[in-house]
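# Close look at the chain arrangement
Each chain is listed here by its residues.
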Amino acid sequence: MSRKFRVSKNKVLQPNFKISFLLPKYWLTWIGVFILYSISWLPYRLQLGLGRLVGRLLYKIGGSRKKAAETNLKLCFPDMSAGERDRILIENFKNTGIALFETGMGWWWPDWRAKRKVKVVGLEHIKSAQQQGHGVLLLAMHYLTIEFCCRGIGYSNPMVVFYRPHNNELMEYFQFRGRGRSNKYMLGKRDIKGMIKALHEGETCVYLPDQDYGRNRSLFVPFFNVPDAASTTGTLIFARQPNVKSHMVIPTRNDDGSGYTIEIMPALENYPTDNDQNDVIRINQELEKAIMRKPEQYMWLHRRFKTRPNKSDPSLYK
């Protein structure tokens, strides 16, 4: 956990405003925040359109993120035509542009405006598990809509989430407040004991097992068509706690521009088992099914396969 924050009962306490935030080194951050805040008050569909324009510009600029996304799509879908992969890539950048403005919506929209854009399906699965005395582990993936949907689901069922503080302290001041709206509290990204405690208390907790978190607590198992993707076993630490039910949660933006649908799936049956490898493979397969609902909305821009089975193995991104 970052040393910038005081910790009490495993909860990250809200950072306070500092006079130093007015110093010149933060002026560009203030300008960016002001622009994002101002845009957040525009009509929703206009923001979608502006986001697509920004995404097209990012696609034209290219850079390392575009190369990473191209590589990921080639690795995951080798049998897909180049034309179809290019279509997904372009749409993915448009959705990335929209995600920028969804950050402003999630941080600053008033409750009445945010609530009417979100529909939660399958909430009864959480309620049923909690009524039976279970903690609920929601397994999510890095859909580009996650910044807004994390706030949206909180109105129906406030959650406990892992949290990575922003390196820029002023951005952290705004980010913490924005992400904490409508949910219970946030835990430092390494506060495993805090997450376990919350599950034992019957809370709904969110964990995202779809990224490459390095060699520590990982197995190299298939993910899409990559046979040896570094895949976290951290999920099992939480899923194997007594009286915990594990559910996939899938947050997507509706194609008709009406808002967002967050679907909570029934609890995974016969999970977890006593076989780590089979369990990690199972979660990867569940992630694949979820991602393929709207692959253009998934965060392909990160280097999902950066960790190789052997340190001497060449990078897949060169």
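Calculation rules
- All residue numbers here refer to positions counted from 1 along the written sequence of the relevant chain.
- Given that the model is predicted, a residue must reach a pLDDT of at least 70 before its local features are reported, and side-chain atom pairs must reach 80 or more before they are shown or counted; all residues, however, enter totals for whole chains, interfaces and linings.
- Only hydrogens and water are set aside when side-chain values are computed; all heavy atoms of the structure are taken into account.
- Helix and strand definitions follow DSSP, with helices as H or I runs of at least four residues and strands as E runs of at least two, each counted in order from the N terminus.
- The size measure is the radius of gyration over C-alpha atoms, and the globule rule it meets is 2.2 Å times the number of residues to the 0.38 power.
- Partly exposed describes any residue whose relative accessible area lies between the buried limit of under 20% and the exposed limit of over 50%, with all areas from a 1.4 Å probe on protein chains only and scaled to the type maximum.
- Between two residues, a contact is recorded if the distance between any of their heavy atoms is within 4.5 Å.
- What sets the accessible areas is the Shrake-Rupley method with a 1.4 Å probe; for residues, cover comes only from the shown protein chains.
- The convention used is that axes are lines fitted to C-alpha atoms, helices contributing only their stretch in contact, and that angles between N-to-C directions extend from 0 to 180 degrees.
- Between 65 and 115 degrees an angle is taken as roughly perpendicular, under 35 as roughly parallel, over 145 as roughly antiparallel, and anywhere else as oblique.
- Crossing handedness is defined as follows: a turn of the near helix away from the far one that is anticlockwise and smaller than a right angle gives a left-handed crossing, while the clockwise case is right-handed.
- UniProt positions are given in the numbering used here, feature names are shortened, and annotations may be inferred rather than shown by experiment.
- This arc describes the spread of directions from the helix axis toward the C-beta atoms.
- In this description, the term disulfide denotes a pair of cysteine sulfurs within 2.5 Å.
- In what follows, salt bridge is the name for a side-chain nitrogen of Lys or Arg lying within 4 Å of a carboxyl oxygen of Asp or Glu.
- Only buried residues count toward a nonpolar core, which is a set of Ala, Val, Leu, Ile, Met, Phe, Trp, Tyr and Cys residues joined through side-chain atoms within 4.5 Å.
- At least two DSSP bridges between two strands are needed for those strands to be called paired.
- By convention, orient the strands away from the viewer: a clockwise path from the first strand over the helix to the second makes the crossover right-handed.

### Thoughts on the overall build of the chain
- Counting secondary structure elements, the chain contains 11 helices and 11 strands.
- A compact globule built from 318 residues should have a C-alpha radius of gyration of about 20 Å, and the chain, at 20 Å, falls within 12% of that.
- A principal-axis box enclosing the C-alpha atoms of the chain has dimensions of 55 × 50 × 40 Å.
- For the chain, with 318 residues in total, the buried portion stands at 52%.
- Long-range contacts, defined here as pairs at least 24 residues apart, represent 77% of the contacts in the chain between residues at least 6 apart.
- Carbon together with sulfur atoms contributes 53% to the accessible area of the chain, which is approximately 15,700 Å² in total.

### Details of the packing of helix H4 (residues 82–108) against helix H7 (residues 146–154)
- Packing of H4 against H7 leaves a shortest axis separation of 7 Å and a crossing angle of 25 degrees. The orientation of H4 with respect to H7, classified from their angle, is roughly parallel. As H4 runs across H7, the sense of the crossing is left-handed. Where H4 abuts H7, its residues Glu102, Thr103, Met105, Gly106, Trp107 and Trp108 lie against Glu147, Phe148 and Arg151.

### Re the UniProt feature "transmembrane region" (unreviewed entry) in the chain
- Residues given the UniProt feature "transmembrane region" (unreviewed entry) here are residues 21–44.
- Helix makes up 58% of residues 21–44 and strand 0%, and the two end C-alpha atoms of the span are 30 Å apart.

### Focus: helix H6 (residues 123–131)
- For H6, the complete set of buried residues consists of Leu123, Ile126 and Ala129. The arc that holds the buried residues of H6, viewed along the axis, is 130 degrees, so those residues lie on one side.
- Those residues of H6 that are buried are in contact with strand S3 (118–121), strand S4 (135–139), strand S7 (204–207), strand S10 (244–253) and strand S11 (260–264).

### Section: the state of the cysteines
- A complete count under the given rule lists zero disulfides for this structure.
- Its sulfur unpaired, Cys149 is 8.9 Å from the next cysteine sulfur, which belongs to Cys150.

### So, the pattern of salt bridges
- Considering all chains together, one arrives at 16 salt bridges under this definition.
- Note that Asp279 and Arg240 form a salt bridge whose closest N and O atoms lie 3.2 Å from each other. Of this pair, Asp279 sits in helix H11 (residues 276–291) while Arg240 sits in the loop between helix H10 (234–239) and S10; the two residues are 39 residues apart in sequence, bridging distant segments of the chain.
- Under the relative-accessibility criterion, Asp279 is labelled buried at 3%.
- In this structure Arg240 comes out as partly exposed when scored by relative accessible area, which is 36%.
- With a shortest N-O distance of 2.5 Å, Arg293 and Glu263 are connected by a salt bridge. With Arg293 in the segment after H11 and Glu263 in strand S11, this residue pair connects regions lying 30 residues apart in the sequence.
- Of the residues examined, Arg293 reaches a relative accessible area of 42% and is grouped as partly exposed.
- Its relative accessible area of 23% is what places Glu263 among the partly exposed residues.
- Taken together, the shared-partner salt bridges connect Asp111, Arg151 and Arg181 into one network.

### Quick word on the UniProt feature "short sequence motif: HXXXXD motif" (unreviewed entry) in the chain
- The UniProt entry lists residues 142–147 under the feature "short sequence motif: HXXXXD motif" (unreviewed entry), expressed in the numbering used here.
- When the span residues 142–147 is considered, its composition is 33% helix and 0% strand, and the gap between its end C-alpha atoms is 10 Å.

### Topic: the nonpolar core
- Leu137, Met141 and Trp300 are the most contacted members of the largest nonpolar core, which has 46 residues in total.
- The dominant element in this core, judged by the number of residues it contributes, is H11, at six residues.
- Those residues in contact with Leu137 that sit more than four places away from it in its chain are Leu199, Cys205, Tyr207, Thr235, Phe238, Ala239, Val244, Lys245, Ser246 and His247.
- Judged by nonpolar contacts, the second largest core, of 40 residues, contains Met105, Ala140, Met159 and Leu208.

### Looking at the pairing of strand S6 (residues 185–188)
- Here strand S5 (residues 160–163) pairs with S6 via four bridges, running parallel. The residue bridging Val161 from the neighbouring strand is Met186, located in S6.
- Between the parallel pair S5 and S6, the chain is carried across by helix H8 (residues 169–180), and the sense of this crossover is right-handed.

### A short note on the side chain of Thr233
- Following the sequence through the fold, Thr233 ends up in the loop between strand S9 (226–232) and H10.
- Beyond its immediate sequence surroundings of up to four residues, Thr233 is in contact with Arg217, Ser218, Leu219 and Val280.

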